[in-house]
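Descriptive structure summary
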Amino acid sequence: MPADAKGPMITPETRVGDLLSAYPQLEDVLISLSPTYKALKNPVLRRTVAKVATLRQVAKVGDLPIGTLISRLRCAAGQEEAAIAEEDAPAAAPRPDWLRGDAVTRSFDAREAIESGGHPMERVMSDLAALEAHAIYELVTPFVPAPLVDLARAKGFDGWSLRESPEIVRTYFRRR
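The following refers to the structure shown. (Residues numbered from 1 in each chain as written. Predicted model: local features only at pLDDT ≥ 70, side-chain atom pairs only at ≥ 80, totals over all residues. Heavy atoms only, no water.)

A count of helices and strands for the chain gives nine helices and four strands. Of the regular secondary structure in the chain, the N- to C-terminal order runs α-α-α-α-α-α-β-α-α-β-α-β-β. In summary, the chain has a C-alpha radius of gyration of 17 Å against a globular reference of 16 Å for 176 residues, a match within 12%. Counting only C-alpha atoms and orienting by the principal axes, one finds that the chain spans roughly 55 × 30 × 30 Å. Burial analysis of the chain (176 residues in total) assigns 43% to the buried set. A separation threshold of at least 6 residues defines the contact pool for the chain, and within that pool the share at least 24 residues apart is 64%. Taken as a whole, the chain presents about 9,700 Å² of accessible surface, with 53% of it coming from carbon and sulfur. Computed over 23 positive and 24 negative side-chain charges, the separation of the two mean positions in the chain equals 4 Å. (Helix = DSSP H or I, 4+ residues; strand = E, 2+ residues; numbered from the N terminus. Rg over C-alpha atoms; globule rule 2.2 N^0.38 Å. Buried < 20%, exposed > 50% of the residue type's maximum accessible area, 1.4 Å probe, protein only. Contact = heavy atoms within 4.5 Å. Areas by Shrake-Rupley, 256 points an atom, 1.4 Å probe, with all protein chains shown as cover. Lys, Arg positive; Asp, Glu negative; His and termini not counted. Charge placed at Lys NZ, Arg CZ, Asp CG, Glu CD.)

What follows is the structure, encoded as structure tokens:
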């Protein structure tokens with residue numbers, strides 16, 4: 001299907017769900033850019049995270065420069081390229097003082113759920129809502145869950161992620 005150059009302009013703040021509604025052919029382009037994006041085939045993820053995740057967040061998840069992501073998507077959609085300033089990759093934030101191993105009171109390994117087509121957002125948000133003061137919640141995923149971390153921050157939690165290996169990211173949360 002040819003790209004529709006008359007659709008909405010693709011920007012770093014475009015939500016993935018809106019992008020794929022306007023340009024369904026871009027799903028394959030996204031998936032070709034990062035293996036992490038294969039999760040877009042997951043209908044639960046499409047109904048939940050894709051509605052709130054911006055391309056800026058998706059670039060972080062896929063470990064892609066935002067300018068590269070936007071440029072490839074615009075080209076495939078038949079849009080004029082525009083210079084998008086590459087954001088310097090933030091230096092890995094140092095381990096926060098609040099993160100002590102003995103304070104982890106609950107852990108959830110979401111890798112199997114994600115790989116089988118599920119999405120942990122509802123469970124994680126429920127677990128966080130029940131988190132006691134000074135307790136730490138650990139989430140294990142195959143990628144940095146940037147949209148989930150942003151959502152938790154908006155609801156009053158601190159979050160910090162550590163890439164342990166290419167397949168394992170540990171994200172820790174606590175109440176602010």
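Structure's up, so let's keep going.
Scanning all chains against the criterion turns up one cavity of 30 Å³ or more. Reported here for the largest cavity is a volume of approximately 260 Å³. Along its surface, the largest cavity is lined by 20 residues, and L45, V49, V61, F143 and P147 are the ones closest to its centre. When residues of the lining of the largest cavity are traced back to their parent elements, those giving at least two are α4 (49-52), α5 (55-62) and α9 (146-154). Among the residues forming the lining of the largest cavity, the class breakdown is 17 nonpolar, three polar and no charged. (1 Å grid on protein atoms, 1.4 Å probe; cavity = no way out; pocket = protein on both sides within 12 Å on 5 of 7 lines; lining within 4 Å. Points joined across faces, edges and corners; volume = space filled by probe spheres on them. Nonpolar A, V, L, I, M, F, W, Y, C, P; charged D, E, K, R; others polar.)

So, about the pairing of strand β2 (residues 136-141). Burial runs high along β2: six of the six residues are buried. Alternating positions in β2 separate into two faces, I136, E138 and V140 on one and Y137, L139 and T141 on the other, with burial throughout. Pairing analysis gives five bridges linking strand β1 (residues 104-109) to β2, with the strands arranged parallel. Looking across to β2, one finds that V104 is bridged to I136. Pairing of β2 with strand β4 (residues 168-175), which is carried by five bridges, proceeds in the antiparallel orientation. Its bridge partner being in β4, E138 is matched across the sheet by Y172. (Pairing = 2+ DSSP bridges.)

The strand order across the open sheet formed by four strands is β1-β2-β4-β3, and the pairing between neighbours is mixed. The two strands at the open ends of the sheet, each matched to only one other strand, are β1 and β3 (157-165). Going from strand to strand, the sheet's axes swing by 20 degrees on average, the running direction of each strand aside. Those strands touched by helix α8 (residues 121-129) are β1, β2, β3 and β4, and its axis lies near 170 degrees from that of β2. Lying over the sheet, α9 contacts β2, β3 and β4, oriented at roughly 160 degrees with respect to β3. (Axes fitted to C-alpha atoms, helices over the stretch in contact; angles between N-to-C directions.)

Core analysis: the largest hydrophobic core is formed by 44 residues, its most contacted members being I10, L19, L26, L69, L73 and L128. At the level of elements, α1 (16-22), α2 (26-33), α4, α5, α6 (66-77), α8, β2 and α9 are the ones that each hand at least two residues to this core. Not counting residues up to four positions away in its chain, the partners in contact with L69 are L30, L33, L55, A59 and L64. Of all hydrophobic cores here, the second largest spans six residues; its members include W98, A103, I136 and W160. (Core = buried A, V, L, I, M, F, W, Y, C linked by side-chain atoms within 4.5 Å.)

A few words now on unusual backbone geometry. Peptide bonds are trans in most cases, and residues, glycine excluded, mostly fall at negative phi. You will see that H134, though not glycine, has its phi angle at about 70 degrees, which is positive. One can find H134 in the loop between α8 and β2.

Okay, the layout of surface pockets next. For the second largest pocket, the calculated volume is near 170 Å³. What lines the second largest pocket is simply P35, T36, K38, A39, I114, E115, P142, F143 and P166. Its residues assigned to classes, the lining of the second largest pocket comprises six nonpolar, one polar and two charged.

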